[in-house]
Amino acid sequence: MGGLGWGMPRTRTVIVPTPVPTRSYGGGGGHNSGGSYGGGNPPPGRDRGNGCLSAVMVVFLFLIVIGFIAVLMDGGGGGVGSSTIQREPLPAGSVQETGWYTDEVGWILTEKKLLAGMKDFYRQTGVQPYLCLVSEVNGTPSPSPQEMGEYAEALYDRLFTDEAHFLLVFLDGEDGFMAGYSAGAQAKTVMDDEAVGILRDYLDRYYYDTSSLSDEEYFSKVFQETAVRIMTVTKSPWPPVMAIFGLLLLGAGAYLWWKKAREKKAQELKAAQELLETPLETFGDTEAERLAAKYKEDASGSTGAGSTENKDKEL
């Protein structure tokens, strides 16, 4: 396999989204290498009692939950691919230790900052990384992905005598940056295609962070965070997501119960208030009218009965 490359000029002022196709090429020896073009985008620059407050709070909480779920689905990687397999570091003694970088462009001014992340990558993976910064490949400042891969593979054979190194060749030109890699036969048990893709994602992610990262810190951070990511299986977001939905349902149920209880209490208070506001004369008049009707009915019944009795006597 051969050639790996992608990117845009390292600046915050140019935002040109481009697709990231990948291409693979055959390679010799026991090395694994790859290449592609691509691009990355820089990070972007109450009325009480009427229900408005509740609606705003529900929308606000919903947006928070959606954002939290999005972060969980991403594994906290900010667009970095997930690590889906458990990788084991290479056994001690696999690497015939060498230097750490070649700088043909004069970027590395503070070696200590660069090596901090590279050595951490080595400790976690057992693979020794090597960074080669170049301004051209085979005489051209704009090599193809295949040329990048072939260059990285040939350079690996010149630099190392073991199969436990990972070589990253980085070229930053006026039209964009490219990166090529070559991994030894042992190293590629750790730096497989998925792991290389994660490294590429971190290169893209921090490429535009020129305000806070120096060149040395940029590469150091990429190697360090790649190691952490690839050596840990990214946890599935679904258990916490289901737990969140369960809590939301429980909260919604509790809210509905509270709302109904409050409405019932309000109705009872309203009825009691209306009763208290009813004039006492109303109760008296009503009772008197009821009793008068009753006595009148009784009197009518008695009169009818007496007339019938007199008629019987006359007969």
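1. Here we look at the confidence of the model for the chain
A low pLDDT means the predicted coordinates there should not be read in detail.
Part 1 of the reasoning: Averaged over every residue, the pLDDT of the chain is 76; the share at 70 or more is 63%.
Part 2 of the reasoning: In the predicted structure, residues 6-29 sits below a pLDDT of 50 and forms 73 contacts with residues beyond four places in sequence or in another chain.
Part 3 of the reasoning: Here residues 36-50 is a poorly scored stretch, pLDDT under 50, and it has 41 contacts once near neighbours within four places are set aside; other chains count.

2. Considerations on the packing of helix 2 (residues 111-125) against helix 5 (residues 215-230)
Part 1 of the reasoning: Two elements in contact, helix 2 and helix 5, have axes whose closest approach is 7 Å; the angle formed by their N-to-C orientations is 15°. Relative to helix 5, helix 2 is oriented roughly parallel. Remark: the crossing between helix 2 and helix 5 carries left-handed chirality. Counting all contacts with helix 2, which are made through K113, L114, A116, G117, M118, D120, F121, Q124 and T125, the residues of helix 5 involved are E216, E217, F219, S220, F223, Q224, T226, A227, V228 and I230.

3. Things to note about the side chain of Q128
Part 1 of the reasoning: Take Q128: it is sitting in strand 4 (residues 128-134).
Part 2 of the reasoning: Taking the relative accessible area as the measure of exposure, Q128 reaches 0% and is therefore buried.
Part 3 of the reasoning: Here T98 takes part through its backbone oxygen, which lies 3.0 Å from a polar atom of the side chain of Q128.
Part 4 of the reasoning: Sequence-distant contacts of Q128, that is, excluding residues within four places in its chain, are made with V95, Q96, E97, T98, G99, W100, Y122, A164, H165 and F166.

4. Some thoughts on the pattern of salt bridges
Part 1 of the reasoning: Evaluated as defined, the whole model comprises six salt bridges.
Part 2 of the reasoning: Across the pair R87 and D192 runs a salt bridge, and its minimum N-O distance is 2.9 Å. Here the residue R87 occupies a position in the loop between helix 1 (52-74) and strand 3 (101-103), and D192 occupies one in the loop between strand 6 (176-183) and helix 4 (193-206), the gap between them amounting to 105 residues.
Part 3 of the reasoning: Given a relative accessible area of 17%, D192 falls into the buried group.
Part 4 of the reasoning: The salt bridge partner of E194 is R87, with a shortest N-O separation of 2.8 Å. Here R87 lies in the loop between helix 1 and strand 3 and E194 lies in helix 4, a separation of 107 residues in the sequence.
Part 5 of the reasoning: Assessed through its relative accessible area of 2%, R87 is described here as buried.

Rules used in this analysis
Residues numbered from 1 in each chain as written. Predicted model: local features only at pLDDT ≥ 70, side-chain atom pairs only at ≥ 80, totals over all residues. Heavy atoms only, no water. pLDDT = per-residue confidence, 0-100. Contact = heavy atoms within 4.5 Å. Axes fitted to C-alpha atoms, helices over the stretch in contact; angles between N-to-C directions. Helix = DSSP H or I, 4+ residues; strand = E, 2+ residues; numbered from the N terminus. Parallel < 35°, antiparallel > 145°, perpendicular 65-115°, else oblique. Left-handed = near helix turned anticlockwise from the far one by under 90°. Buried < 20%, exposed > 50% of the residue type's maximum accessible area, 1.4 Å probe, protein only. Polar contact = N/O pair within 3.5 Å; in protein donor to acceptor, adjacent residues only side chain to side chain. Salt bridge = Lys/Arg side-chain N within 4 Å of Asp/Glu carboxyl O.

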